[in-house]
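# Coordinate inspection notes
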Amino acid sequence: MAVGIFDSGLGGLTVLDAVAERLPDVPLVYFGDSAHAPYGVRDADDIFNLTTAAVERLWDEGCNLVILACNTASAAALRRMQESWIPSDKRVLGVFVPLIEALTERQWGDNSPPREVAVKHVALFATPATVSSRAFQRELAFRAIGVDVEAQACGGVVDAIEDGDMILADALVRSHVDALKRKMPVPEAAILGCTHYPLMQQVFQDALGADVNVYSQASLVAESLADYLDRHPNMLGSGTRSCFLTTGDPARVSTRATQFLRRKIEFEAA
Ligand code: DGL
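Below or above, wherever it landed, is the structure these notes cover.

Conventions adopted
Residues numbered from 1 in each chain as written. Predicted model: local features only at pLDDT ≥ 70, side-chain atom pairs only at ≥ 80, totals over all residues. Heavy atoms only, no water. Near = heavy atom within 4 Å. Polar contact = N/O pair within 3.5 Å; in protein donor to acceptor, adjacent residues only side chain to side chain. Areas by Shrake-Rupley, 256 points an atom, 1.4 Å probe, with all protein chains shown as cover. 1 Å grid on protein atoms, 1.4 Å probe; cavity = no way out; pocket = protein on both sides within 12 Å on 5 of 7 lines; lining within 4 Å. Sits in = over half its atoms within 2 Å of the grid points. Nonpolar A, V, L, I, M, F, W, Y, C, P; charged D, E, K, R; others polar. Points joined across faces, edges and corners; volume = space filled by probe spheres on them. Disulfide = S-S within 2.5 Å. Buried < 20%, exposed > 50% of the residue type's maximum accessible area, 1.4 Å probe, protein only. Phe/Tyr/Trp six-rings, centres within 6.5 Å; stacked < 30°, edge-to-face > 60°. Helix = DSSP H or I, 4+ residues; strand = E, 2+ residues; numbered from the N terminus. Lys NZ or Arg CZ within 6 Å of the ring centre and 35° of its normal.

What follows deals with the site of the ligand. The ligand sits among 13 residues. The nearest are S8, Y39, G40, T72 and H196. H196 is positioned such that a nitrogen or oxygen atom in its side chain is 2.7 Å from a nitrogen atom of the ligand. Relative to its unbound accessible area of 300 Å², the ligand is 99% covered by the protein chains. Taking a 2 Å distance to the grid points as the criterion, the majority of the atoms of the ligand fall inside the largest cavity. The residue inventory of the shell around the ligand, partitioned by class, reads 5 nonpolar, 7 polar and 1 charged.

This is the structure:
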């Protein structure tokens, strides 16, 4: 009955942690493609090929349902996967929709026409590939009208986090927030549209100011997965073990992951 959680590297661990807390009895198999991170500077074909290879590996672990805990893969590859690649007995879900439903105060699966919502000025922080896909704006337009979105591509932040260089990550986040504020001086809400960024949430909040409502995905995705599994319990796969798989060096990735989650995490070779 395992569920797979995929990210290009360590960022998806923020989602894994929230899911483990919300669904403590569900075995979780994590796949971090650290050998190929960051995805945010790759083209869409590349991201599709890497993401589908990782998802197949998770299917081999008995995970019929896989969460792409990676906005870049959700933005650049998920639609193509859903249209032409995923067999009918499997599901792959992204991380955008739960976030947009929270922002637009919608219940899961509310397909009514787009309507005016309370929030009008939204800052989106994401990887270059996610920003250039415009997937966030597309999903938002299905649900809300009159929302002004200013997107900031945060080059370098994922590399710094993967390298464990939090001083560099801090400096980069502050400079990306400054750049955003030059385009949108007073955002009401900010979306951390990359699963690595919750590891820097305090820095984003500090740089943006206390008045800005910062949305991050981990708990929203966990809640929406719990709701999905209530309605589709048959999507729990045959896998029974929880484990952490990486395409990178397991010892190095384990050390970083343990630092980030502040509990012992042991990766094995994928
Ligand atoms: N954590 C990922 C995301 O949510 C991917 C970052 C990357 O590999 O560039 O976008």
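Counted by the stated rule, this structure contains 1 cavity of 30 Å³ or more. Approximately 70 Å³ is the volume attributed to the largest cavity. Lining the largest cavity we find 14 residues, and of these S8, C70, T72, T127 and C194 sit closest to its centre. Residues of the lining of the largest cavity, tallied by class, amount to 5 nonpolar, 8 polar and 1 charged.

Under the counting rule described, the total for this entry stands at 0 disulfides. Just so you know, C70 is unpaired, no disulfide at all, and the nearest cysteine sulfur is the one on C194, 7.0 Å from it. We classify C70 as buried; its relative accessible area is 4%.

Taken as a whole and judged by the stated rule, the model has 9 aromatic pairs. Note on F96 and F136: the rings are 6.2 Å apart at their centroids and 80° apart in plane angle, and the pair reads as edge-to-face. Here F136 lies in helix α7 (residues 135-141) and F96 lies in helix α5 (residues 96-103), a separation of 40 residues in the sequence. The exposure classification of F96 matches that of F136, with both residues buried. Taken together, the aromatic side chains of F6, F31 and Y39 make up a single cluster linked through ring pairs. R80 extends its terminal NZ or CZ atom over the ring of F48, reaching a point 3.8 Å from the ring centre. Positioned above the aromatic ring of W59 is the side chain of K90, whose terminal nitrogen or guanidinium carbon lies 5.7 Å from the ring centre.

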